[in-house]
2 protein chains.
Amino acid sequence: MTELNGLDATRLGEMLAAGEISAQDILDASLSRIDAREDSVRAWTWRSPTPDQTTAGQSAPQAPLRGIPVGVKDIMQTRDMPTGWGTRYLSAETSPCDAAAVALLRRAGAVLLGKTVSTELAGFTPGKTRNPHDLSRTPGGSSSGSAAAVADGMVPVALGTQTAGSIIRPASYCGVVGFKPSFGTVPMAGIKAFSPSLDTAGWFTRSVRDSRRVFGAMTASSLPVAAPPTLSQLRIGLAVVPVAGLEASTRQALDATGAALSQAGAQVMEAPLPEGFDELAALHKRIMAYEAARALADEYDRHHASIGPKVLEVLDEGWTIGYVDYRRDQKEAARLNDALAGCWQQLDVIITPSATGEAPIGHEATGDPIYSRAWTLPGLPAISLPLAKGPAGMPIGMQLIAPWGRDLELLDMAEAVMQSLQISVPLPA
Amino acid sequence: MTELNGLDATRLGEMLAAGEISAQDILDASLSRIDAREDSVRAWTWRSPTPDQTTAGQSAPQAPLRGIPVGVKDIMQTRDMPTGWGTRYLSAETSPCDAAAVALLRRAGAVLLGKTVSTELAGFTPGKTRNPHDLSRTPGGSSSGSAAAVADGMVPVALGTQTAGSIIRPASYCGVVGFKPSFGTVPMAGIKAFSPSLDTAGWFTRSVRDSRRVFGAMTASSLPVAAPPTLSQLRIGLAVVPVAGLEASTRQALDATGAALSQAGAQVMEAPLPEGFDELAALHKRIMAYEAARALADEYDRHHASIGPKVLEVLDEGWTIGYVDYRRDQKEAARLNDALAGCWQQLDVIITPSATGEAPIGHEATGDPIYSRAWTLPGLPAISLPLAKGPAGMPIGMQLIAPWGRDLELLDMAEAVMQSLQISVPLPA
């Protein structure tokens, strides 16, 4: 049944409802794929020897993820699996409660297969995961295992989190759909904090319609029926923030995307960003460091010698920043985001690169989150779509950004873009 | 050394620095008071048999809480004490890490004496605590034990959290200073979530200067020197939101406070609140219920039969609210808060009752958070000051409210008000 691995959760759900396949078939396909590929991809830090199908079996027939195998990032607490937080120095025990996001997955009928690799504390120290499209390259991070597991067809859905670019970048590198909702949409209860005003749970899928389906599961809500706009209804702004650092081929891919969408009838322009908007990326970095030092104060004080240098660097920077400077940075960030209101009067969506380019070669780093920082700071919803290929044939993602709270509209626009450009998400060759 | 129990942490710190007392003297005074009074007050759910003075001893001489005994609310994870979450059904084990707020307390030199009683999951089911000023009355909740422990002189500082009125109300009922910072100021990592867009860690103290001292500890920052304004520099708006429900004596206390501050030179007026501002209290209730259902999904699904009716009522309401309605409520709340900007152009601070009146008689409920809901929803900083007495001689608090992020200014204004009205915080008679 390996042919099931390339299908999205929506299609699997249809086949299940029609009696063409059973929940066991779906589970077996996932487990076979993991058995075949895990030694190469290394997406999992812990795999359930006997995945618990109880809650899935108890879920209503219309439950949005009924029988769908999922992976959850290893910074999310689980009551029946250990949580390692991407570290070796924090105890990897089971927790009294599931993280709220995990409980919501179970409610929606999902079958948890295990915990996916996170970088250390969701920071910049890589885990063991490799990019399924080229094992010599990073999958990105910090949600490394979740992105790779979905890209490789091991599971159709996996949860991640983003504080800088930890969903959007790995989605781009691995060639899948990665969605980061508006800040605050999914409860972070039971998920390790890094920078609490930025940390956002999101997910990886093979399609936009699946991303919308997971959105319904994670809000435990019946959503209105999807209504993708026609391209001619769309006002699209192209942006690169900050300008420096983008690879030429990615710049070309952005322009080509704009041209193709314009060709398809959309109104495409350069996004009229406010003066000084670039500064948001630097503000993000400082605010994240300030918050991470405090949120991880116990880890810093008691595990200092074990923390990797990439995480320590952020925490050490954070301790040099005081409250008064932090508030000033927050105020400046709010001012820049308020100034974006004028931009949103002229645009429905911003399209901007998800990362600087293709997934870098090597496993010593997870790539640069620079192209997510300015959008994550004000908590805007973002979705990375695998719209292009780079010079080495690796996927390149473009992210669509909408105003805070317009998540469903963003998903509708993303669906319209995918359909218009006839983008599919194939398994690795 | 019982005379130490009525002193604030700032005074104790001065005496310690001057060599007049030792850290052991401070600790002994706390422990003696707890021994003498705990059977009556019932503030603690767990007491450390041997309080750990290691981190306190290692702290720098200028550490803001060096040697100060503290209590922390039992929904905050601790690495060396069990956490019971105000329930009997969640396992009360120690956690791999301290909650960030607890780690920050230790960094500041505090000595943790134990965990203070929380209502069930910080909701509305009372714990065992009694009001130290009249044991037949509730201390308020959900931070019941922390408020009572400080009021009774067991510790000069205790941490709590507020989602509706869980710091401001018990501070008012117990006659102490209760501070709820701007939303997002203190990391909530390791603290049980109830409604993540509202949950805010704060603290109880015997003085405003102590509250500022704890603010420095919890932000791990050197703060600018306090600069209380003169009363003639203050533009004060009196408000009651919503109007219905306030006891006549509390209304009179508010007016008397306004008159006294006007007499002292402040410019006192009725706060020009935006049209429809009252609606924020109802919006708060719905938004809290929506979020609580999702944040506590695992508890709801696995411990349903054990959850008390007052918490279940909130969760059940939350499950009836869907994402689309939730977002509409959030948008309306943001609009009303934006409309408050006009008010802040005319005012420096709003003064409004902390609760409907004196602490109610009985222990079956913790009182009504109604007078905090409208201010907690937009995340505004609030401080309850024990400015009045009710008809039964019980304390009545008034809360001062400032714009988001103006926490230090609020603390300075609160100090000015306390000094001007010559308010002290005596031990219970």
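Now for a quick tour of the structure. On a predicted model such as this, the values are computed, not experimentally measured, just so you know. For every chain, the first residue of the written sequence is number 1, and numbering continues from 1 onward in sequence order. Throughout, the order in which chains and ligands are written sets their labels, letters from A for the former and numbers from 1 for the latter. Where totals are concerned, whole chains, interfaces and linings use all residues; where local detail is concerned, this predicted model gives features only for residues with pLDDT of at least 70, and gives and counts side-chain atom pairs only at 80 or more. Hydrogen atoms and water are omitted, and side-chain values are computed over all heavy atoms in the structure.

Overview of the side chain of threonine 250 of chain B
- Within the fold, threonine 250 of chain B resides in helix α8 (residues 248–263).
- Ignoring anything within four residues of it in the chain, the contact list for threonine 250 of chain B reads Pro353, Ala355, Thr356, Gly357, Ile396 and Met398 of chain B. By definition, any uninterrupted DSSP run of H or I lasting at least four residues is a helix, any uninterrupted run of E lasting at least two residues is a strand, and each is numbered from the N terminus. Contacts are assigned to residue pairs with any non-hydrogen atoms lying within 4.5 Å of each other.

Comments concerning the sheet that holds strand β4 (residues 157–162) of chain A
Residue and element names in this part refer to chain A.
- If you trace the 11 strands from one edge of the open sheet to the other, you get β1-β3-β2-β4-β6-β5-β10-β11-β9-β7-β8, paired in mixed fashion. Strands with a single pairing partner mark the edges of an open sheet, and in this sheet they are β1 (44–47) and β8 (267–270). Taken over all neighbouring pairs, the strand axes of this sheet differ in orientation by 30° on average, direction set aside.
- In this description, strands pair whenever DSSP reports at least two bridges between them. In terms of strand pairing, strand β7 (residues 235–238) meets strand β9 (residues 349–353) through three bridges, oriented parallel. The partner of glycine 237 across the bridge, within β9, is isoleucine 350. Between the N-to-C directions of two axes lies an angle of 0 to 180 degrees, each axis being a line fitted to C-alpha atoms and, for a helix, fitted only over the stretch in contact.

Brief notes about the pairing of strand β3 (residues 111–116) of chain A
All names here are of chain A.
- Only protein chains enter the area calculation, which uses a 1.4 Å probe; residues under 20% of their type maximum are buried, those over 50% are exposed, and those in between are partly exposed. With respect to burial, β3 is a largely interior element, six of its six residues being buried.
- Note: β1 against β3, three bridges, orientation antiparallel. Bridge pairing in β3 links tryptophan 46 to lysine 115.
- Relative to β3, strand β2 (residues 69–73) runs parallel, the two sharing five bridges. Following the sheet pairing, valine 70 is matched in β3 by leucine 112.
- By convention, a crossover is right-handed whenever its connection, traced from the first strand over the helix to the second and viewed with the strands pointing away, goes clockwise. Once you follow β2 into helix α4 (residues 100–107) and on to β3, the crossover reads as right-handed.

Section: the relation of the copies chain A and chain B
- Between the two copies, chain A and chain B, the superposition gives an RMSD of 0.0 Å; the rotation angle is 180° and the shift along the axis is 0.0 Å. The superposition of one copy onto the other is thereby described by a two-fold rotation axis. Taking C-alpha positions as the reference, the residue of chain A nearest the rotation axis is glycine 190 of chain A, at 4.0 Å.
- Both copies present the same face, since 100% of the interface residues in chain A are matched by interface residues at the equivalent positions in chain B. Least squares is the method used to superpose the copies, on C-alpha atoms of residues holding a pLDDT of at least 70 in both.

Take it as geometry only, folks, not as evidence of what the structure does.
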